[in-house]
Amino acid sequence: MTGTPLIEVEDLRIDLDDGSRRVAAAESISFRIDRGETFGLVGESGCGKSITALALIGLLRQPLQIGGGVIRFDGREIQHLSAAAQRDLRGNRIAMIFQEPMTALNPVSPVGRQIAEMFVLHKGKSWREANQLAVEALASVRVPAPERRVNDYPHQLSGGMRQRVMIAIALACGPDLLIADEPTTALDVTVQAEIIELMRNLCAERGTAILMISHDLGLVANVCRRVAVMYAGRIVEERGSADIFRAPSHPYTQGLVDSLPRLGSRAALGRNRLKEIAGVVPAITNFPAGCRFNPRCAQATDICRTVAPEATLLEAGGFVRCHHHA
Amino acid sequence: MKLRANLIIGGALFALAIVVGVLAPWLAHTDPVLDANLMNAEEPPSWTWWFGTDDQGRDIYSRVVYGARVSLTVGIASQLINSVIGVALGLSAGYWGGWWDDFVNALTNVMLAIPSLIFALAIMAVLGPGLTSLLIALGLTNWSFTCRIARASALSLRSQGYVQAATVLGYGDLRIMITQLLPNMLGPIVVIGTLGMGSAVLSEAALSFLGLGVRPPFPSWGSMLSDARDQITTAPWLSVFPGLAIFLTVLGLNLLGDGLRDILDPQSRSRRT
Ligand SMILES: Nc1ncnc2c1ncn2[C@@H]1O[C@H](COP(=O)(O)OP(=O)(O)O)[C@@H](O)[C@H]1O
Ligand code: SF4
Ligand SMILES: [Mg+2]
């Protein structure tokens, strides 16, 4: 089984079809995540991270849809599965937590019940067993006094506690893959670190792979073994986390690394780079021809404005999509 | 929490009506149907005959007490049917959208265009008089407001984070509607339901008054009014007491509905917590 990756995305395209025209909101998306691996997807807001995640769990809805490519989960193509078969995967083998712990829980249902429902839904447990398991699940995310807390309603919990409950719900059925879409963006910085640590430890213990999505390269590189950087609907670079920090290959990644507030060797060497990447993210209906980063790229040449760069494999592993990569 | 007067008074009146209906066999002085005695015909209210007697010598008090059973059964049961229909249609229409939503909307508009009592009359004309027909007729004709509210709530709730989270966690549509949407729209549905019960009690009275309700001689408040209409000047107590019973029950339900709205209204709720 070591040969088959847990999830494998090949040349995925996501179309935005508003009736009058059809544009690719994301294209040429390819990556694989092995069992128990931590993989990050990074990029500015609007670059297509969330829709990629939704495509994986079969939840793209009008006006978005899969326009091509293959998604293989555990060796099986899942992009054309029936609604019922996709529902069986969701929450059971692929779980997801979101940015907003404040709104992701049902306000009129005790949190214990919301955890227990997962066991009833996916594991066919009786409510009695499920309630017992819910207490254990709450204990596993280090919520104090779980046997009392199960009766609490979401509004009685802090943001951090709610995100713990969300993690308990997501991990309840022992999924193979946890997708975390900006899981801590809405939380205090101190709570953020706790939640990330908890998520990482629990997944490591259980062998659950993580697909971590964030606009924060520092956070993702910290958690994940490998990182893919996304720009305007394409993955522009995919590398090991350490490599991407040490020697970012794509001009956009270089910009991201340089804009991070840290005392790196680069700054010490006195290299004079912009701290922020100049220019704006292009609108989805108005992507530039050729390399989509070319209007903002200092290294851009004529070819960049006409020909979209193919992925070039790097010796150290990973790939980059740039005509003049470092 | 401050309990409001309308909630207390309305709740008390409704509770009183229910207690009277349930305990009718113990509260009544005589059998409402069998204890006719022409010797006692048309007695005005007195210590012996609290609410007087009718032209057959039957005790009006006992008949009013038993009449509560019919009024409340019809009021509660028919409104339950309405609520179930309205919620099922409105919730699914708002959640699913598409052609189903268009269909439900059209159906609701048709229902709103026809006065529900006229519609109920038509159904009664087909089914014939009787308690069951009454329940069906009133239960099928007054769900449009519930449906509208359920649809609007479902529309606004379906984009809530927890509904989307449930989708992501593999909940099926039915489970989402029942566990995520329904509990979060229950407040307004209960309010509408309570007010609807009041109007169902009135409709029952109206249909029974027209002779389409519960068959005589068994008493319902509406049929008692109907029987009493020829003697409204000679024996006013025959109309006053059943009329008062209807008035107080409907008043109670309306006050209760208003009171529930005050405490269940999402805005006043968020102000409290
Ligand atoms: N439901 C939708 N309808 C139309 N456009 C959408 C929808 N969801 C996302 N998009 C567009 O798709 C692009 C990618 O969005 P998203 O994946 O949410 O970005 P992010 O990387 O911030 O998660 C954006 O340009 C966004 O405007
Ligand atoms: S392909 Fe050209 S424009 Fe695009 S990132 Fe590389 S150098 Fe810059
Ligand atoms: Mg996003």
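Section: helix 5 (residues 116–127) of chain B
In an α-helix, one full turn covers 3.6 residues, which means residues spaced three or four apart are oriented alike. Residue and element names in this part refer to chain B. Taking 1.5 Å per residue as the helical rise, helix 5 with its twelve residues ought to reach 16 Å, and the 16 Å between its terminal C-alpha atoms agrees with that figure. Within helix 5 the residues assigned to the buried category are A120, I123 and M124. When helix 5 is viewed along its axis, its buried side chains cluster within an angular range of 100° and face the same direction. Of the exposed residues in helix 5, the ones pointing more than 90 degrees away from its buried face are A125 and V126. Along its buried surface, helix 5 packs onto helix 6 (131–139) and helix 9 (173–209). Of the residues trailing helix 5, G128 is marked for its positive phi of about 85°.

Side note on the sheet that holds strand 5 (residues 76–77) of chain A
All names here are of chain A. The strand order across the open sheet built from four strands is 2-1-4-5, with neighbouring strands paired in antiparallel fashion. For this open sheet the edge positions go to strand 2 (22–33) and strand 5, each flanked by a neighbour on one side alone. Relative to strand 5, strand 4 (residues 64–73) runs antiparallel, the two being bridged by two bridges. Across the sheet, F73 pairs through a bridge with R76, a residue of strand 5. The sheet contacts of helix 1 (residues 49–56) involve strand 1 (7–17), strand 2 and strand 4, and relative to strand 1 the element is tilted by about 115°.

With respect to the site of ligand 1
Residue and element names in this part refer to chain A. With respect to spatial proximity, the complete set of residues near ligand 1 consists of L16, E44, S45, G46, C47, G48, K49, S50, I51, P63, L64 and I284. At a separation of 3.1 Å, an oxygen atom of ligand 1 approaches a polar backbone atom of G48. One of the backbone N or O atoms of I51 is found 2.8 Å from an oxygen atom in ligand 1. In the complex, 64% of the free accessible area of ligand 1, which totals 550 Å², lies under the protein chains. At three residues, helix 1 tops the list of elements feeding residues into the shell around ligand 1. The residue inventory of the shell around ligand 1, partitioned by class, reads six nonpolar, four polar and two charged.

Observations regarding the site of ligand 2
Around ligand 2 lies a shell of 13 residues, among which C291(A), C297(A), C304(A), C322(A) and H323(A) are the nearest. Counted by class, the shell around ligand 2 contains eight nonpolar, five polar and no charged residues.

Quick notes on the pairing of strand 6 (residues 94–97) of chain A
All names here are of chain A. Residue alternation in strand 6 divides its side chains into two sets, I94 and M96 and A95 and I97, and both sets are buried. When strand 6 meets strand 7 (residues 177–181), the two strands line up parallel, connected through four bridges. The residue bridging I97 from the neighbouring strand is A180, located in strand 7.

Brief notes about the pattern of salt bridges
Residue and element names in this part refer to chain A. Per the stated rule, a full pass over the model turns up 25 salt bridges over all chains. As a salt-bridge pair, R292 and E27 come within 3.0 Å of each other at their nearest N and O atoms. Of this pair, R292 sits in the loop between helix 11 (265–268) and strand 11 (312–313) while E27 sits in strand 2, and the two are 265 residues apart along the sequence. Judged by its relative accessible area of 10%, R292 falls in the buried class. The network of salt bridges with common partners includes R13, D15, D17 and R22.

Parameters at a glance
- Residues numbered from 1 in each chain as written.
- Chains lettered and ligands numbered in written order.
- Predicted model: local features only at pLDDT ≥ 70, side-chain atom pairs only at ≥ 80, totals over all residues.
- Heavy atoms only, no water.
- Helix = DSSP H or I, 4+ residues; strand = E, 2+ residues; numbered from the N terminus.
- Expected span 1.5 Å × (residues − 1).
- Buried < 20%, exposed > 50% of the residue type's maximum accessible area, 1.4 Å probe, protein only.
- Arc of directions from axis to C-beta.
- Contact = heavy atoms within 4.5 Å.
- Pairing = 2+ DSSP bridges.
- Axes fitted to C-alpha atoms, helices over the stretch in contact; angles between N-to-C directions.
- Near = heavy atom within 4 Å.
- Polar contact = N/O pair within 3.5 Å; in protein donor to acceptor, adjacent residues only side chain to side chain.
- Areas by Shrake-Rupley, 256 points an atom, 1.4 Å probe, with all protein chains shown as cover.
- Nonpolar A, V, L, I, M, F, W, Y, C, P; charged D, E, K, R; others polar.
- Salt bridge = Lys/Arg side-chain N within 4 Å of Asp/Glu carboxyl O.

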